[in-house]
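# An overview of the molecular structure
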Amino acid sequence: MDEHRGTVTIPVGDVALPADLMLPAQPVGVVLFAHGSGSSRHSPRNVAVARTLHDRGLATVLVDLLSPAEDEVDARTAELRFDIGLLASRLAGIVDWLAVERPAGDVPIGLFGASTGAAAALVAAASRADRVGAVVSRGGRPDLAGAALAQVRTPTLLLVGGLDEEVITLNERALAELGEVGELRVVPGATHLFEEPGTLEQVAEQAGAWFTTKLR
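These lines cover the structure that appears in this document, whether it is placed above or below.

## Points about the environment of Trp210
- In this fold, Trp210 is placed in helix α6 (residues 199-214).
- On the basis of relative accessible area, Trp210 is assigned to the buried category, the value being 6%.
- C-alpha of Trp210 to C-alpha of Leu193: the two residues are 17 residues apart in sequence and 20 Å apart in space.

As structure tokens, this is what we get:
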């Protein structure tokens, strides 16, 4: 599949965020990734999932939600990586940029969130219900989305490792808040980071199927 890859700078408020954009020849949708605490757009797990999404014709945007200066502060204090409101507002701004600039064309937008990034993705989806068509959470903390959970109207898939018992419980509670738009699936034999053989591939396949089905 012919594709275009490049790094772009996305203006959001008073910051400019670096992002890796990968475009298949004729994308059927675009998926924006929100990485977890302490990670970056170079996260090998998210990059691996993004490759699988490309094979299904989905464009991907892997972005750092903190500016380089903020990242330096966060490396010392770890305070910004848990600022769900800040991260969600950045995601919402990038969703707006995708909808207006249309680097992937006039295609539907999905959000893929890992760990704390999943909470930010759900808050952003609640605030951009007209622009976000599907959400996938990998080993996420959707409970950190708080009151926004009950406001989500976007089809949301929660993927959790079968050995990640505490996070399963948190996702079950979040599912009750999401109601009929949510679905929880447990990947057998997987821990929080899906490092066991074949487990991340299952996440990527299920995410790809969810996005291609829900992004219409």
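## Details of the pattern of salt bridges
- Following the criterion strictly, the structure yields 9 salt bridges and no others.
- One salt bridge in this structure joins Arg141 and Asp143, with 2.7 Å as the shortest N-O distance.
- Here Arg141 falls in the partly exposed class, since its relative accessible area comes to 25%.
- Residues joined by salt bridges that share partners form a network here, namely Asp20, Arg41 and Asp64.

## Things to note about the environment of Arg41
- Within the secondary structure, Arg41 is located in the loop between β3 (29-34) and α1 (44-55).
- A residue is classified by how much of its surface remains accessible, and Arg41, at 13% relative accessible area, is buried.
- In sequence terms Arg41 and Leu65 are 24 residues apart; their C-alpha atoms lie 8.6 Å from each other.
- Excluding anything up to four places from it in sequence, Arg41 contacts Thr7, Pro18, Ala19, Asp20, His35, Val47, Leu62, Val63 and Asp64.
- Here Asp20 takes part through its side chain, which lies 3.2 Å from a polar atom of the side chain of Arg41.

## Considering helix α5 (residues 165-178)
- In this model, α5 (14 residues) spans 20 Å end to end at C-alpha, consistent with the 20 Å of a helix rising 1.5 Å per residue.
- Among the residues of α5, Val167, Ile168, Leu170, Asn171, Ala174 and Leu178 are the ones counted as buried. Projected onto a plane normal to the axis of α5, the buried residues spread over an arc of 165° and lie on a single side. Along α5, the residues that are exposed and aim more than 90 degrees away from the buried face are Glu165, Glu166, Arg173 and Ala176.
- Turning to α5, the residues buried within the fold contact α4 (116-127), β6 (132-138), β7 (156-161) and β8 (182-187).

## What to know about the side chain of Thr52
- Relative to the elements of secondary structure, Thr52 occurs in helix α1.
- Classification of Thr52 as buried rests on a relative accessible area of 16%.
- Not counting residues up to four positions away in its chain, the partners in contact with Thr52 are Ala204 and Glu205.

## Observations concerning the pairing of strand β4 (residues 58-63)
- With 6 of 6 residues buried, β4 is to be regarded as a mostly interior element.
- Across the two faces of β4 the burial is the same, with Leu58, Thr60 and Leu62 and Ala59, Val61 and Val63 all buried.
- Sheet topology places strand β2 (residues 15-24) next to β4; 4 bridges connect them, and they run antiparallel. Counterpart to Asp20 in the pairing with β4 is Leu62.
- As paired strands, β3 and β4 are joined by 5 bridges and run parallel to one another. When the sheet's bridge partners are listed, Gly29 is paired in β4 with Leu58.

## Description of α4
- In this model, α4 (12 residues) spans 17 Å end to end at C-alpha, consistent with the 16 Å of a helix rising 1.5 Å per residue.
- Within α4, the full set of buried residues consists of Thr116, Gly117, Ala118, Ala119, Ala120, Ala121, Leu122, Ala124, Ala125 and Ala126.
- Structurally, α4 contributes buried residues whose contacts are with β3, α3 (84-101), β5 (109-114), β6, β7 and α5.

## Some points on the packing of α1 against α6
- Contact pair α1 / α6: the axes reach a minimum separation of 9 Å and the direction vectors enclose 45°. The angle between α1 and α6 falls in the class oblique. For the pair α1 and α6, the sense of crossing is right-handed. Where α1 approaches α6, its residues Arg45, Ala48, Val49, Thr52 and Leu53 are matched on the opposing element by Leu200, Val203, Ala204, Glu205, Ala207, Gly208 and Phe211.

Conventions adopted
- Residues numbered from 1 in each chain as written.
- Predicted model: local features only at pLDDT ≥ 70, side-chain atom pairs only at ≥ 80, totals over all residues.
- Heavy atoms only, no water.
- Helix = DSSP H or I, 4+ residues; strand = E, 2+ residues; numbered from the N terminus.
- Buried < 20%, exposed > 50% of the residue type's maximum accessible area, 1.4 Å probe, protein only.
- Salt bridge = Lys/Arg side-chain N within 4 Å of Asp/Glu carboxyl O.
- Contact = heavy atoms within 4.5 Å.
- Polar contact = N/O pair within 3.5 Å; in protein donor to acceptor, adjacent residues only side chain to side chain.
- Expected span 1.5 Å × (residues − 1).
- Arc of directions from axis to C-beta.
- Pairing = 2+ DSSP bridges.
- Axes fitted to C-alpha atoms, helices over the stretch in contact; angles between N-to-C directions.
- Parallel < 35°, antiparallel > 145°, perpendicular 65-115°, else oblique.
- Left-handed = near helix turned anticlockwise from the far one by under 90°.

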